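One-letter residues, chain by chain:
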Amino acid sequence: MRSLLLKRLPSGLLVLLLASFLVFLILRLIPGDPATTLAGPDAGPQAVAAIRSRLGLDEPLLTQYLRWLGDLLTGDLGPSYSIGGQVSELIGDGIGATVQLTAAALLLVVLLALPLGVLGATAERRTVAAAVRAFTTAVLAVPPFVTGVLLVLLFAVTLGLLPAGGHESLLDAPDLALQYLLLPAVCLALPSAAVLARYLGDGIQRALAEDYVRTATAVGVSRRRIVWRHALPNALPSAVTVLGLQIGHLVAGAVLVERIFAWPGLGQLVEQGVLRRDYPVVQAVLLLVVAGYVAVQLLTDLVYAWLDPRIRWE
Amino acid sequence: MTASPPRRTVLRVTDLTVTFDGATDGTSAVDGVGFELAAGDTLGLVGESGSGKSTTALALLHMLPAGGRITAGTVELAGQDLATLPESALRAVRGRRIAMVFQDPMSSLNPVLTIGRQLDEALRAHGTRPDKRERAARAVELLDLVGIPDAADRLRDHPHQFSGGQRQHVMIALALANDAEVLVADEPTTALDPTVQRQILRLLTRINRETGTALVVISHDLGVIAQTCRRLLVMRDGRVVESGGTADVLAEPRHPYTKQLLAAVPRLEAPSEAAANSVPGPEPLLTVTGLRKTYGSRRRAVTALDGVDLVLHPGETLGLVGESGSGKSTLARALVQAHAPSGGGIRFRGEEFGHGGERAARREVQLVFQDPYSSLNPRMTVGRIIAEPLIAHRLGDRPARARRVAELLEQVGLDPDSADRYPRAFSGGQRQRIGIARALAPEPSVLICDEPVSALDVSVQAQVLDLLARLQRELGLALLFIAHDLAVVRQVSHRIAVMHRGRIVETGPADRVVTAPEHPYTAELLAAVPRLDARPAALSTRSTA
Amino acid sequence: MTALTAPAPARSARAAVRNRHLAGLLTARGLTGLALVGTIALAGLLAPLLTGHDPDAQGPLALAGPSAEHPLGTDDLGRDLLSRVLHGITTDLALTFGAVPVGALTGCSLALLAATHRWADTAVQRAFDLVLAFPGLILALAVTAVLGPGRWPVFIVIALAEIPLFGRQLRSGILVQREREYALAARVGGASRARVLLRHVLPNAVDPLVVQTAVALSVGVFIEGAMSFLGLGVRPPEPTLGSILSQSVGYLATHPTFAAAPLAVTTALVLGFTLIAEALNRGIRR
């Protein structure tokens, strides 16, 4: 396991380094002079010059990059341009809400996909399998921002069961916070749950056709036990890989969902950042997401190896 | 056997018929098969692929693949008809009353569960052992019984940590877990080396003798049946064509198919027929000296070839025998330059590889593969497959190539019109002919045959061997014939080389190597060959306890 | 050596392979998918014939329900919805059918490059990892942060997102097929490495890519919609399915007819692609 970590860590760090360079380049790739763009149309030459010197735009690109990276690593993200406040504070304000949302969605993904996948693969009655399939197809065919709006319409506007949007601290009012969390989390989780359920179902079906299932049947193991204890463990490793990719989609989807449900997280922040050309904010959030994603991929590899002994012993 | 009392019948199969959905011609995969099995009895089911022998075995426990149904007949186990039993009741029979061992030990064990877990699953399946520690103790006992060393320590290992032969031992332990009355072994040794095969067959025989478990062995190999079973059924196209005591059937086959089958089985006792084909030339054509090949990183290097010396003369057949992992295939691939050796040299027509020899060899040394399925590109027509080497070596224009393809197809006994069809339209034997035609295309002088007949039924095997002999006669080819079946190798070879752990341990005239082996390993290999005249150990009336 | 000629002429395998895709498509699932996509695409192409309204012309009637003049009603600026939806289809399909092939071809070329050398393989893999490290909308945000919103950013995002998906699929297909014995047979027969890769291995590795294409097209429609929803997509007033839909979302409670048409069309389009992908997948597996 440790050797695997040592093998995968360098490539993960390499990707992170390359990604950070790309993110750094964002500011340098904007058409026109970044300092002028950043200062805005109303700024005087003094302001432009100030920005230029602060960004070190007159230095070589690599020096600029290294300085930027150094600042990032020491936690100095600088002030935001147009949103106001320090970037690190803005991120600190949003990150809790986003982590809460994606973690809740991740939990829902697993809780939904596991039974759906098993049911879809093993249902004795064709109608049950077909129903599972129809559900996953429908979830995948409707754009998530539409699903979100429909959920709001149904549960908030029509039934009045849950709030339409907003956020409440989990510490101050846990029950209220959960009410606010439920709709956005479900909306975020549904597409990924459908994808995972399909992979899991396919994997279980493939495992059920293997010779070792025939062996288990021949020694008299019950069907239910074969599905859960013999076939599922074989389908899990590749499902974990898919789940790892889906975590990326959850974070990306959070941008949409936060907008729909007025959820004050990083998604809202970065969307504002892009629309208001607040580059330090955009860069910081993008890099944070990429770093998180690379870490998740690494974790996925380790879990895969833990689940599949053939990898573990290599 | 005069003293043995009349034994109780445990399994009576009557008129068993299995059909598959969508069988267009209305034929049954198993058609009216019947037999009786007494307690402690041994019965062999022998037949070629498609004879329905494996389907019969699966039908006993209602474990037919999708689309298969028992359409007639009964499977009576102690008076109870399994054919009409519901799934839930069948589960109580599987493993508990009738247990099965399957062919491929690589895929028949669950790769992500430990051996201990899998044995535990089998032991708990019938609810007879509620105590977990008791089950663990029994698991160790079972592994001990089948001869896995350090059984207690190996419970936590996964299947991939066992060798192929050991996995089959574990499979047998799984089958024995609940003291079933009947043990059905479906091709239990087909994927295994002869020495491992001998261990497994001895184990099955010992279990039969010591525990009184009735044994049904299914095999395409008459030798395997002869070694393990007192009685046998010969199957063809889903029907039993002949049955009786093994010794009687083998000595005096009555049905023409049985006779044909027996005639096609290569006998180790039969002398080499190679001299009738050609007389090897004096000058060596291909010389291998001190060839080495190591794989993997420097720290964990695996030595596949450890200084191989070999000489092949024009028109000669050199048989190369050895077990899996001995380096046979690595050697074959080095000769056709599929990889670069780590040391030593190969000379072709006196010229060293790397100094001009390799260029001529690239065209003149060709390879025939073991697996006639995976070695033909499914997306190409047979004509294209055979023409590919011609295109690669820039031999002839398009019409010339088409003529050559037709000629080659005829040469290997196929209809020249087959050129337009795709490999999937052909049977295994026909595909092997296509593979041979491809190898012949650039007019080679050396044909490396890597287990060319081991994936084929015996009757087809005999035809392909005939073809190779004829080609050698007509074209004066030198053959390096790689195989694990010593009887086949003796039949076709002028000389035999025995390979063990990356080295050639013995080389000599074919008949001499078989009749008077000089190296102990050769003797061990020879002893492991299942012979048709061998009396099943279970039959022996010796009453040693 | 009698009876050695092949049995009754079997269907040629190429026909069989084509038929495997075809057989998959000619199921209820596949035909439904084709019908959905076909109808929508045709409606988009025939937009000028089906409606006389300029999609961008504002009228006095805002948020009107269906009428003879406006079969689907009007949007919040009084523009004819039918015309906007039909023209939106054209924009969406042009974007996805343009961007997906670009991404697919780039990804496949990189996968072939990766097959040439161990180092190339490592480099290409890291490149795929790099793109994947910006999942979905995050990639969209990064691209629009540089280029600003518009049609080309949407195109670039769709193409970029598909590169690693196609590339990884083909790469793993090549790795599997290259180990098959027929590839070694071709090599032993004297074929060059390039010939083995392109003529022998590649044709056997492309099957899953057909399925991937159908999936990618639906992803393209999603990306366009999501980018429009966030205001990062094709600039107004040009209609796209996503922009009409995101406009209508604000009026869902009060004027549900506004959202009905773009929602139905988007869903039908994605559903159509999904069904086609599933049908092809089943055809291949058979």
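Residues numbered from 1 in each chain as written. Chains lettered and ligands numbered in written order. Predicted model: local features only at pLDDT ≥ 70, side-chain atom pairs only at ≥ 80, totals over all residues.

Caption draft 1: Layout of the overall build of chain A. A tally of regular secondary structure across chain A gives 13 helices and zero strands. For chain A, the N- to C-terminal ordering of α and β elements is α-α-α-α-α-α-α-α-α-α-α-α-α. Projected onto the principal axes, the alpha-carbon positions of chain A cover approximately 85 × 55 × 35 Å. By residue count, 42% of the 314 residues in chain A fall in the buried class. For chain A, restricting intrachain contacts to residue pairs at least 6 apart in sequence, the fraction spanning at least 24 positions comes to 69%. (Helix = DSSP H or I, 4+ residues; strand = E, 2+ residues; numbered from the N terminus. Buried ≥ 20, exposed ≤ 12 C-beta atoms within 10 Å, placed from the backbone. Contact = placed C-beta atoms within 7 Å.)

Caption draft 2: Structural detail: the interface of chain C and chain A. Each partner contributes to the interface: chain C provides 31 residues, whereas chain A provides 35 residues. Of all the secondary-structure elements, those providing two or more residues to the side of chain C that touches chain A are helix H5 (118–132), helix H6 (137–147), helix H10 (207–229), helix H11 (241–249) and helix H12 (256–285) of chain C. If one sorts the elements of the side of chain C that touches chain A by residue count, H6(C) sits on top with seven residues. For the side of chain C that touches chain A, a count of residues per class yields 22 nonpolar, seven polar and two charged. (Nonpolar A, V, L, I, M, F, W, Y, C, P; charged D, E, K, R; others polar.)

Caption draft 3: Layout of the UniProt feature "transmembrane region" (unreviewed entry) in chain C. All names here are of chain C. The sites that UniProt annotates as "transmembrane region" (unreviewed entry) are residues 21–46, 93–115, 127–146 and 252–277. For residues 93–115, the end-to-end C-alpha separation is 33 Å, with 96% helix and 0% strand making up the annotated structure. A distance of 31 Å separates the end C-alpha atoms of residues 252–277, which is 85% helix and 0% strand. (UniProt positions renumbered as here; feature names shortened; annotations may be inferred.)

Caption draft 4: View of the pairing of strand S7 (residues 182–186) of chain B. Residue and element names in this part refer to chain B. Buried residues dominate S7, accounting for five of its five residues. What you see with S7 is no split at all: Val 182, Val 184 and Asp 186 on one side and Leu 183 and Ala 185 on the other are buried throughout. Crossover connection from S7 via helix H7 (residues 194–211) to parallel strand S8 (residues 214–219): handedness right-handed. (Right-handed = clockwise from strand over helix to strand, strands pointing away.)

Caption draft 5: Fine view of the sheet that holds strand S11 (residues 286–295) of chain B. Residue and element names in this part refer to chain B. Spatially, the four strands line up as an open sheet ordered S12-S11-S14-S15, and their pairing is antiparallel. Both outer strands of the open sheet, strand S12 (302–312) and strand S15 (351–352), are each paired with one neighbouring strand and no more. The sheet contact formed by S11 and strand S14 (residues 343–348) spans five bridges and is antiparallel. Pairing of Val 288 across the sheet is with Ile 346, part of S14. (Pairing = 2+ DSSP bridges.)

Caption draft 6: Region of interest: unusual backbone geometry. Put simply, C:Pro236 and C:Pro237 share a cis peptide bond, and its omega is 10°. Of note in the backbone geometry, B:Gln337 takes a positive phi value of approximately 60° without being a glycine. Take B:Gln337: it is sitting in the loop between helix H11 (328–335) and S14. Residue class for B:Gln337 comes out partly exposed when judged on the 16 C-beta atoms lying within 10 Å of it. Phi at B:Glu451 is positive, roughly 50°, even though this residue is not glycine. Mapped onto the elements of the fold, B:Glu451 is located in the loop between strand S17 (446–450) and helix H16 (458–475).

Caption draft 7: Spotlight on the packing of helix H1 (residues 2–29) of chain A against H5(C). Look at H1(A) against H5(C): their axes get within 9 Å of each other, and the N-to-C directions meet at 60°. Judged by the angle between their axes, H1(A) and H5(C) are oblique. Remark: the crossing between H1(A) and H5(C) carries right-handed chirality. Each of A:Ser11, A:Leu14, A:Val15, A:Leu18 and A:Ala19 in H1(A) lies in contact with H5(C), whose residues at this interface are C:Arg126, C:Asp129 and C:Leu130. In terms of residue class, the contact of H1(A) with H5(C) is built from five nonpolar, one polar and two charged. (Axes fitted to C-alpha atoms, helices over the stretch in contact; angles between N-to-C directions. Parallel < 35°, antiparallel > 145°, perpendicular 65-115°, else oblique. Left-handed = near helix turned anticlockwise from the far one by under 90°.)

Caption draft 8: Expanded view of the interface of chain C and chain B. With 23 residues of chain C at the contact, the number on the chain B side is 31 residues. Those elements that provide at least two residues to the side of chain C that touches chain B are helix H1 (13–25), helix H8 (181–188) and helix H9 (193–205) of chain C. Take the side of chain C that touches chain B: its biggest share by element is seven residues, from H8(C). In the side of chain C that touches chain B, the residues fall into 14 nonpolar, six polar and three charged.

Caption draft 9: Seen up close, the UniProt feature "domain: ABC transmembrane type-1" (unreviewed entry) in chain C. In the numbering used here, UniProt assigns the feature "domain: ABC transmembrane type-1" (unreviewed entry) to residues 89–277 of chain C. With 82% helix and 0% strand, residues 89–277 of chain C has its two end C-alpha atoms placed 20 Å apart.

Caption draft 10: Main features of the UniProt feature "transmembrane region" (unreviewed entry) in chain A. Residue and element names in this part refer to chain A. Taking the UniProt record as the reference, the feature "transmembrane region" (unreviewed entry) is found at residues 12–30, 101–122, 134–157, 177–197 and 281–307. Secondary structure content for residues 101–122 is 100% helix and 0% strand, while the C-alpha to C-alpha distance between its ends is 32 Å. Measuring from the first to the last C-alpha atom of residues 281–307 gives 39 Å, for a span that is 100% helix and 0% strand.

Caption draft 11: Layout of the sheet that holds strand S6 (residues 98–101) of chain B. Residue and element names in this part refer to chain B. Reading across from one edge, S6-S7-S8-S3-S9-S10 is the order of the six strands in this open sheet, with mixed pairing throughout. Looking at which strands have only one partner, the edges of the open sheet turn out to be S6 and strand S10 (239–245). Pairwise comparison of adjacent strand axes, ignoring direction, gives a mean angle of 15° for this sheet. As defined by bridge partners, S7 adjoins S8 across five bridges and the pair is classed as parallel. For Asp 186, the partnering residue across the bridge sits in S8 and is Ile 218.

Caption draft 12: The confidence of the model for chain C, seen in detail. The predicted model of chain C has a mean per-residue pLDDT of 86, with 93% of residues at 70 or higher. Counting interchain partners and residues more than four positions distant, the pLDDT-below-50 stretch residues 1–15 of chain C has 23 contacts. (pLDDT = per-residue confidence, 0-100.)

Caption draft 13: View of the confidence of the model for chain A. Summing up the model confidence of chain A, the mean pLDDT is 86 and the portion of residues at 70 or higher is 97%. When pLDDT is averaged over each helix and strand of chain A, the minimum, 71, is found for helix H2 (residues 34–39) of chain A and the maximum, 94, for helix H9 (residues 211–218) of chain A.

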